[in-house]
Amino acid sequence: MEESSQGSFVTTINEEYETICWGCGLNLVLPSYAPVFKCGWCGAITNQNPVRLETRNFGLRRFRDRCFVVILAVFMLFVICGGIWAAFPVVFSISLACGIFHSVTAVSLAISTLSTFILVAFKCAGKPIDIVYGTHPGVGSGALNNYTFCHHCSKPKSPRTHHCRTCGMCVLDMDHHCPFIGNCVGAGNHKNFIAFLISAVISTIYAAVMCVYTLIHILPPLENQAAYASDMAHANSLSVLRVVKNITLAYIANAIFVSVRGLVLVYLFVASFSVAIGLSVLLWQQLSYIYEGKTYLSHLSSQGSEEDGEKSCGNLLKFFGCPLLIERYLPTIRNLRKRHKT
């Protein structure tokens, strides 16, 4: 008890709270009440006021994911079957060698895209490792460092494990939940997801190019085509735009003579090109996170903080299982910046 300058007295009261660690089962004495605390023995983090995730719309979310999976599968089959029906009769009419080459390419891309889609959609996203907890003799010092307890799965959750409320399970190294594959993207299928994106981007670009190539051969020839070519050869920068505009309008005018095959090719081109742009952006985003050594969820949790992961091509090599010896031939962005500064 201390006496202040005004003559009043200030009394310091130390309140202690006793609680139990879920990780090792030891009784812990805290100097004051804390909703979140870390055990000094096993390192487990206990949250005494956990946030409960909503599970009311679990069935609706699963039904939504199944609908997206069916829509995506139907779209891929439509692109494959529609392209075979619309493009390949024209391609084989050009030359037999050209038809065989494009047939082999199309079948290879179709098998690659469908197989990676099936793998990423139905493969387990990543099951956390079962670990002993709750007993002091069985849990060693620091064995559960930074582990938390999932009250939905009733099991320990490692630092990079997250509980997905749509799948209803904890996913190791969870990146995100993708409704279009009806599954989470985690440690178990992240490589398959990247392989699916790469295969889908290449396939959609190839489909768009084939649609344009086929349309050029089935569209009616332009009137005054020689005059257009002469204007393009002698036009300046402004005139080139005018000539391109006239050629585009001429093709649009001829579009009324396009058959059903041509209309299908136009739709396939627009759909394939649009999907290719969206998947390319997603693929670049995923590779950027892997390069930074993060996942999408860890990137969101680190926003606003000063934490900066090690950005290196070695993260990409480690993710794809390549030998790390290749990293010495792939300079990182930081090395390039240092060379530029010096």
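Since the model is a prediction, treat every value here as computed from it, not as a measurement.

Enquirer: Tell me about helix α9 (residues 313-320), and name the residues and values.
Expert: Those residues of α9 that sit buried are Cys 313, Gly 314, Leu 317 and Phe 319. In the core, the buried residues of α9 are packed alongside α4 (190-218) and α7 (260-291).

Enquirer: Report on the nonpolar core, specifying residues and quantitative values.
Expert: Counting residues in hydrophobic clusters, the biggest one holds 19 residues, and the most contacted among them are Phe 117, Ile 181, Phe 193, Phe 196 and Leu 197. The element that contributes the greatest number of residues to this core is α4, accounting for six residues. Excluding residues within four positions of it along the chain, Phe 193 makes contact with Val 120, His 176, Cys 178, Ile 181, Val 185, Leu 282 and Gln 286. Ranked by size, the runner-up nonpolar core spans 16 residues in total, among them Val 79, Ala 106, Ala 207 and Met 210.

Enquirer: Kindly report on the UniProt feature "transmembrane region" (unreviewed entry) in the chain, identifying the contributing residues and their values.
Expert: Under the feature "transmembrane region" (unreviewed entry), the UniProt entry names residues 67-88, 94-122, 193-216 and 264-284. As a span, residues 94-122 carries 97% helix and 0% strand, and end to end its C-alpha atoms are 41 Å apart. This span, residues 193-216, is 100% helix and 0% strand, and a straight line between its end C-alpha atoms measures 35 Å.

Enquirer: Account for the packing of aromatic side chains, with residues named and values stated.
Expert: Tallying each qualifying case throughout the model produces nine aromatic pairs. When the ring of Phe 68 is compared with that of Phe 180, the centres are 4.9 Å apart and the planes differ by 40°; the resulting orientation is tilted. Linking Phe 68 in helix α1 (residues 58-86) with Phe 180 in the loop between β11 (176-178) and β12 (183-185), this pair joins segments that are 112 residues apart in sequence. Classification of Phe 68 by relative accessible area gives partly exposed; the value is 27%.

Enquirer: I'd like a rundown of the layout of surface pockets, residues and numbers included.
Expert: Looking at the largest pocket, its volume works out to about 690 Å³. Lining the largest pocket are 35 residues, with Met 76, Thr 113, Ala 200, Ser 203 and Thr 204 sitting closest to its centre. Secondary-structure elements contributing two or more residues to the lining of the largest pocket are α1, α3 (96-122), β11, α4 and α7. Of the residues forming the lining of the largest pocket, the biggest block, 10 residues, is contributed by α4. Here the residues of the lining of the largest pocket sort into 29 nonpolar, six polar and no charged.

About the thresholds
- Counting from 1, residues in each chain are numbered in the order their sequence is written.
- Reporting in this predicted model follows two pLDDT cut-offs: at least 70 for local features of residues, and 80 or more for side-chain atom pairs to be given and counted; totals over whole chains, interfaces and linings ignore these cut-offs and use all residues.
- Side-chain numbers here rest on the full set of heavy atoms in the structure, without hydrogens or water.
- Throughout this description, buried means an accessible area under 20% of the type-specific maximum (1.4 Å probe, protein chains only), exposed means over 50%, and partly exposed covers the range between.
- Numbering of helices and strands starts at the N terminus; helices are DSSP runs of H or I of at least 4 residues and strands are runs of E of at least 2.
- We call two residues contacting when some pair of their heavy atoms lies within 4.5 Å.
- The definition of a nonpolar core used throughout is a set of buried Ala, Val, Leu, Ile, Met, Phe, Trp, Tyr and Cys residues joined through side-chain atoms within 4.5 Å.
- UniProt positions are given in the numbering used here, feature names are shortened, and annotations may be inferred rather than shown by experiment.
- Only rings of Phe, Tyr and Trp enter the pairing, Trp through its six-membered ring, and a pair is recorded when the two centres are within 6.5 Å. The plane angle decides the type: under 30 degrees is stacked, over 60 is edge-to-face, the rest tilted.
- Using a 1 Å grid laid over the protein atoms alone, points where a 1.4 Å probe fits but cannot get out form a cavity; open sets with protein on both sides within 12 Å along at least 5 of 7 lines form a pocket; any residue with an atom within 4 Å of a point counts as lining.
- Grid points are joined across faces, edges and corners, and a volume is the space filled by probe spheres set on the points.
- All residues other than Ala, Val, Leu, Ile, Met, Phe, Trp, Tyr, Cys, Pro, Asp, Glu, Lys and Arg, Gly among them, are scored as polar; the first ten of these are nonpolar and the last four charged.

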